[in-house]
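Descriptive structure summary
The lines below spell out each chain.
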Amino acid sequence: MKQCRKCGVYVDDDSANCPLCGAFVHEEITPTIYDYPAVDITKKRKLFWKISGFATIFTIALVIIINLAVNKKVSWASHVIFGFALAWICVSRPVIKRFCVRKYLTWGFIGVIALLFYINIWTSRLTNPWAFSLGMPIAILTWQTVLEILALSHKGGRGDYQISLTKIFALSAICIGVSFIWKNAYHWAWYICTARGFLDVLVLSFFAKDKYFSELKKRLHI
């Protein structure tokens, strides 16, 4: 008597199939052979970021050493350090964390604003704060436009875009106070940003009232 390899039932020697499950008694199991070995994408991605991180640290250290050797201080090397830091914060971090489009754009706009302030600091030492009075408001207005388009085009996750628009409105209102405290003056660009943000909140309050306020309560833990 033979035993079925699948269900364990004893089968006559002359039977080719199991009477219970129908499996072939003499069928041989051939191992699956792959032409190419399976590649772990996650390990390759981690290795890539480790190599990139090491190359970044090595480059920054080399630039600082050269700058100290030539100028006896860190001067132009700070530009290289800032460039690498900006790339890692605004590009590499969203990719590593696999952020959504909204968060990716958020970090991108934050990077643009940081770059504007950096240029302003090195050109006029903020004696003429054009980055705050003009550059940042333009970035905020562009940011608001992109979020509005995404909020209308995306069916899901609109609550996140609505909250982001509300945060930008609050930021614009705060910057009006900062401009008065800092320079004892009101910059017209921040009035435009605040009015634009107030219009967004007003539209959301009328046309998406239930979802918008429920999302606000959820975020504020009310």
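Details of the structure are given in the entry above.
Model, not experiment: these values are computed from the prediction.

Brief notes about the overall build of the chain
The helix and strand tally for the chain stands at 7 helices and 2 strands. Considering only contacts within the chain whose residues lie at least 6 apart along the sequence, 46% involve residues at least 24 apart. Split by element, the accessible area of the chain, about 15300 Å² in all, is 68% carbon and sulfur.

Focus on the nonpolar core
A general feature of soluble globular proteins is that nonpolar side chains tend to end up buried together. Counting 17 residues, the largest nonpolar core has Met136, Ile140, Trp143, Leu147 and Trp190 as the members making the most contacts within it. Broken down by secondary-structure element, the contributors of at least two residues to this core are α3 (101–124), α4 (130–153), α5 (158–183) and α6 (188–207). With 8 residues, α4 is the single largest residue contributor to this core. Aside from chain neighbours lying at most four places away, what touches Trp143 is Thr106, Phe109 and Ile168. Core analysis: the second largest hydrophobic core is formed by 5 residues, Ile163, Val201, Leu204 and Tyr212 among them.

Here's the deal with the pattern of salt bridges
Scanning all chains against the criterion turns up 2 salt bridges. Across the pair Glu215 and Lys218 runs a salt bridge, and its minimum N-O distance is 3.8 Å. Of this pair, Glu215 and Lys218 both sit in helix α7 (residues 209–220), 3 residues apart, which is roughly one turn of that helix. Since its relative accessible area comes to 13%, Glu215 is described here as buried.

Quick notes on the packing of aromatic side chains
Summed over the entire model, instances satisfying the criterion amount to 9 aromatic pairs. A network of ring pairs unites the aromatic residues Phe48, Trp49 and Trp88 as a single cluster. Lying over the aromatic face of Trp122, Arg125 brings its terminal NZ or CZ to 4.9 Å of the ring centre.

Comments concerning a nonpolar patch on the surface
A contiguous nonpolar patch, built from Leu134, Ile138, Phe180, Ile181, Tyr186, Trp188, Tyr191 and Ile192 and spanning about 890 Å² of accessible area, is present on the exposed surface. Of all elements in the fold, only α4, α5 and α6 reach the threshold of two or more residues within the nonpolar patch. Among the elements that line the nonpolar patch, the one with the most residues is α6, at 3 residues.

Some words on α3
In this model α3 runs 35 Å from its N-terminal to its C-terminal C-alpha over 24 residues, within 8% of the 34 Å that 1.5 Å per residue would give. Residues of α3 that are buried: Arg102, Thr106, Phe109, Gly111, Ile113, Leu116, Tyr118, Asn120 and Ser124. Of the surrounding elements, those touching the buried residues of α3 are α2 (77–97), α4 and α5. Trailing α3 by a residue or two, Arg125 shows a phi angle of about 55 degrees, which is positive.

Side note on the packing of α6 against α7
Their axes nearest at 5 Å, the elements α6 and α7 cross at an angle of 115 degrees. As the angle between them shows, α6 and α7 are arranged roughly perpendicular. Here α6 contributes Val201, Leu204, Ser205, Phe206 and Phe207 to the contact with α7, which in turn contributes Lys209, Tyr212 and Phe213. Classifying every residue of the contact of α6 with α7 gives 6 nonpolar, 1 polar and 1 charged.

Comments concerning the environment of Ile140
Inspection of the secondary structure assignment puts Ile140 in helix α4. For Ile140 and Cys193, which are 53 residues apart along the polypeptide, the C-alpha to C-alpha distance reads 7.0 Å.

Side note on the environment of Ala208
Along the chain, the position of Ala208 falls in the loop between α6 and α7. Setting aside chain neighbours within four positions, we find Ala208 in contact with Gln162 and Val203.

Overview of the side chain of Ser164
In this fold, Ser164 is placed in helix α5. By relative accessible area, Ser164 is classed as buried at 12%.

A short note on the environment of Val146
Structurally, the position occupied by Val146 is in helix α4. Looking at Val146, the relative accessible area reads 24%, which means it is partly exposed. Spatially, the C-alpha atoms of Val146 and Tyr161 are 9.9 Å apart, while their sequence positions differ by 15 residues. Contact partners of Val146, with chain neighbours within four places excluded, come to Leu105 and Phe109.

Cut-off values and rules
Residues numbered from 1 in each chain as written. Predicted model: local features only at pLDDT ≥ 70, side-chain atom pairs only at ≥ 80, totals over all residues. Heavy atoms only, no water. Helix = DSSP H or I, 4+ residues; strand = E, 2+ residues; numbered from the N terminus. Contact = heavy atoms within 4.5 Å. Areas by Shrake-Rupley, 256 points an atom, 1.4 Å probe, with all protein chains shown as cover. Core = buried A, V, L, I, M, F, W, Y, C linked by side-chain atoms within 4.5 Å. Buried < 20%, exposed > 50% of the residue type's maximum accessible area, 1.4 Å probe, protein only. Salt bridge = Lys/Arg side-chain N within 4 Å of Asp/Glu carboxyl O. Phe/Tyr/Trp six-rings, centres within 6.5 Å; stacked < 30°, edge-to-face > 60°. Lys NZ or Arg CZ within 6 Å of the ring centre and 35° of its normal. Patch = residues over 30% accessible without salt bridge, like charges linked within 9 Å, V, L, I, M, F, W, Y side chains within 5 Å. Expected span 1.5 Å × (residues − 1). Axes fitted to C-alpha atoms, helices over the stretch in contact; angles between N-to-C directions. Parallel < 35°, antiparallel > 145°, perpendicular 65-115°, else oblique. Nonpolar A, V, L, I, M, F, W, Y, C, P; charged D, E, K, R; others polar.

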